Amino acid sequence: MLVANGGGPQPMPGNLRAMQAVARASRFAPHVGPGGQVSLGAEPAGRVETGLLALLLVIRDAQREGTWQRLKACGNPDCRWAFYDRSHSRAGAWCDMATCGNRIKNRRLRQRQR
Ligand SMILES: [Zn+2]
């Protein structure tokens, strides 16, 4: 999904099976706070699946808020670190320009020069 956010291919349906299984294995737990704030959590506590479901909720919130597309996988195939694209243009492609960005740009320049 983060590769797709960076302009790469969309995940294949089979790539999402693990996330879908996590969503099915746990329960959502809505909660109303003392000030009337409604939140959604995951149950039962203490299970790995519950933690993963909480991560799915974070993804859902980011997708609703429009920040999800900024979470990307680094464009350097040797890196693939996840990073948050803070660029104004939302066109960031590297986890770090000084390392991955320059490395890939220099590699492409050498290929063009050959
Ligand atoms: Zn990188």
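It is worth spelling out the overall build of the chain at this point. What the chain contains, in helices and strands, is four helices and four strands. Tracing the chain from N to C terminus, the helices and strands come up as α-α-β-β-α-β-β-α. In terms of overall dimensions, the chain is more spread out than a globule: its C-alpha atoms have a radius of gyration of 18 Å, far above the 13 Å expected for 114 residues. Taken over the C-alpha atoms alone, the chain extends approximately 65 × 35 × 20 Å along its principal axes. Each of the 114 residues in the chain was classed as buried or not, and the buried ones make up 23%. Restricting the contact set of the chain to residue pairs at least 6 apart, pairs at least 24 apart contribute 30%. Considering the chain, the positive charge centre built from 18 side chains and the negative charge centre built from 7 side chains are found 10 Å apart.

What follows deals with the pattern of salt bridges. Evaluation of the coordinates by the stated rule reveals five salt bridges. The residue glutamate 49 makes a salt bridge to arginine 47 at a minimum N-O spacing of 3.4 Å. Note that lysine 72 is salt-bridged to aspartate 85, the shortest N-O span being 2.7 Å. Linking lysine 72 in strand β3 (residues 71–73) with aspartate 85 in the loop between β4 (82–84) and α4 (97–113), this pair joins segments that are 13 residues apart in sequence. Neither residue differs from the other here; lysine 72 and aspartate 85 are each classed as buried.

About the criteria used
Residues numbered from 1 in each chain as written. Predicted model: local features only at pLDDT ≥ 70, side-chain atom pairs only at ≥ 80, totals over all residues. Heavy atoms only, no water. Helix = DSSP H or I, 4+ residues; strand = E, 2+ residues; numbered from the N terminus. Rg over C-alpha atoms; globule rule 2.2 N^0.38 Å. Buried < 20%, exposed > 50% of the residue type's maximum accessible area, 1.4 Å probe, protein only. Contact = heavy atoms within 4.5 Å. Lys, Arg positive; Asp, Glu negative; His and termini not counted. Charge placed at Lys NZ, Arg CZ, Asp CG, Glu CD. Salt bridge = Lys/Arg side-chain N within 4 Å of Asp/Glu carboxyl O.

What is shown is where atoms sit, not what they do.
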